[in-house]
Amino acid sequence: IFLTAPAARARFLASKTWLAFLFFLSGMAALIYQVSWQRSLFTSFGINIESVTVVVTVFMAGLGLGAILGGWLSRRAPGRLPAFFLAFEVIIGLFGFASLPLIRATGAAAAHAGTAAVTAAIFALLLPPTVLMGATLPILVEYLHATWRHVGRVVGLLYFVNTLGSACACYLAADLFFVLAGQQWAVLFAAACNLTVGVLVYQYTRRTAGSRRTDGSTRTMSGRPDGATALPSGLLPSDAAGEEAAR
């Protein structure tokens, strides 16, 4: 971002380093949501295992269903995958802005019906955004696999930075945001990360695709396609790997 030379800046914004940074933000946002939503459920369930169970269960269910949805979209509309990714990240971010008031209002409205009703209501509320989180991974896997045909090594790097972002999020949420600013500011930060990642990854796919069209052909270096890069991952690896840290 701070490179002054236009050519150097363009190369950086189409690099794996830039994409890795975006994945770091993606993992951070996911675990901030998980920890913040879990804390918010304390008002409905009390400080007990139920609040943890509801959030972990809805995250795992949503990520699994989202992976199925993302795979289906990848087969049905391969030409629109970057737009799907952008739309999903924006929707997740918009939900994040309003998530804490919605969780509290839903829990209060269902409280008179008992714990089972509160659990069902919260599950129904949080399932859609977690499904979208899970859908982002297969969408971008398919897009970049079809574009560059070389994703294995960089996928490992992106999983690593995505999980690292999740680990950092646990510390930021519990020891900084909750202490200094409160839960609402924590989820606002996570929502801003979602919106930022959605827009910048969309620009990344447009930029790299445009660069390849300009080149006219895939050039090689060290036996690999030039510009071979990886997929922008969704929140699946970060949530699964970060749950132990969140608990």
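Residues numbered from 1 in each chain as written. Predicted model: local features only at pLDDT ≥ 70, side-chain atom pairs only at ≥ 80, totals over all residues. Heavy atoms only, no water.

**Brief notes about the overall build of the protein chain**
Working step 1: For the protein chain, the count of helices and strands is nine helices and two strands.
Working step 2: Traced from its N-terminal end to its C-terminal end, the protein chain shows the element sequence α-α-α-α-α-α-α-α-β-β-α.
Working step 3: Counting all 247 residues of the protein chain, 47% fall into the buried class.
Working step 4: Only carbon and sulfur atoms are counted for the fraction: they give 66% of the accessible area of the protein chain, which is about 11,300 Å². (Helix = DSSP H or I, 4+ residues; strand = E, 2+ residues; numbered from the N terminus. Buried < 20%, exposed > 50% of the residue type's maximum accessible area, 1.4 Å probe, protein only. Areas by Shrake-Rupley, 256 points an atom, 1.4 Å probe, with all protein chains shown as cover.)

**Remarks on the nonpolar core**
Working step 1: If you look at the biggest cluster of nonpolar residues, it comprises 58 residues, and the most contacted ones within it are Ile 32, Tyr 33, Trp 37, Leu 126 and Ile 139.
Working step 2: Looking at this core, the elements with two or more residues in it are helix 2 (16-40), helix 4 (49-76), helix 5 (81-110), helix 6 (115-148), helix 7 (152-181) and helix 8 (183-215).
Working step 3: If one sorts the elements of this core by residue count, helix 2 sits on top with 15 residues.
Working step 4: In this view, Leu 126 contacts Trp 37, Val 58, Phe 95 and Ile 103; residues no more than four positions away in its chain are not counted. (Core = buried A, V, L, I, M, F, W, Y, C linked by side-chain atoms within 4.5 Å. Contact = heavy atoms within 4.5 Å.)

**What to know about a nonpolar patch on the surface**
Working step 1: A cluster of nonpolar side chains, Tyr 171, Leu 176, Val 179 and Leu 180, forms an exposed patch at the surface whose accessible area comes to about 430 Å².
Working step 2: As for its position among the elements, Tyr 171 is in helix 7.
Working step 3: For Tyr 171, a relative accessible area of 47% puts it in the partly exposed group. (Patch = residues over 30% accessible without salt bridge, like charges linked within 9 Å, V, L, I, M, F, W, Y side chains within 5 Å. Salt bridge = Lys/Arg side-chain N within 4 Å of Asp/Glu carboxyl O.)

**Brief notes about the packing of aromatic side chains**
Working step 1: All chains considered together, the criterion is met by five aromatic pairs.
Working step 2: Ring plane angle 35 degrees and centroid distance 6.2 Å describe the contact between Phe 84 and Phe 88, whose orientation is recorded as tilted. Here the residue Phe 84 and the residue Phe 88 both occupy positions in helix 5, the gap between them amounting to four residues, near one helical turn. The pair formed by Phe 84 and Phe 88 is uniform in burial state, with each residue classed as buried.
Working step 3: Aromatic rings pair up to connect Tyr 33, Trp 37, Phe 59 and Phe 95 into one cluster. (Phe/Tyr/Trp six-rings, centres within 6.5 Å; stacked < 30°, edge-to-face > 60°.)

**Details of the confidence of the model for the protein chain**
Working step 1: When pLDDT is averaged along the protein chain, the result is 78, and 76% of the positions lie at 70 or above.
Working step 2: When pLDDT is averaged over each element of the protein chain, helix 5 comes out on top at 89 and strand 1 (residues 220-221) at the bottom at 40.
Working step 3: Confidence over residues 217-237 falls short of pLDDT 50; this stretch has 67 contacts with residues more than four positions distant or in other chains. (pLDDT = per-residue confidence, 0-100.)

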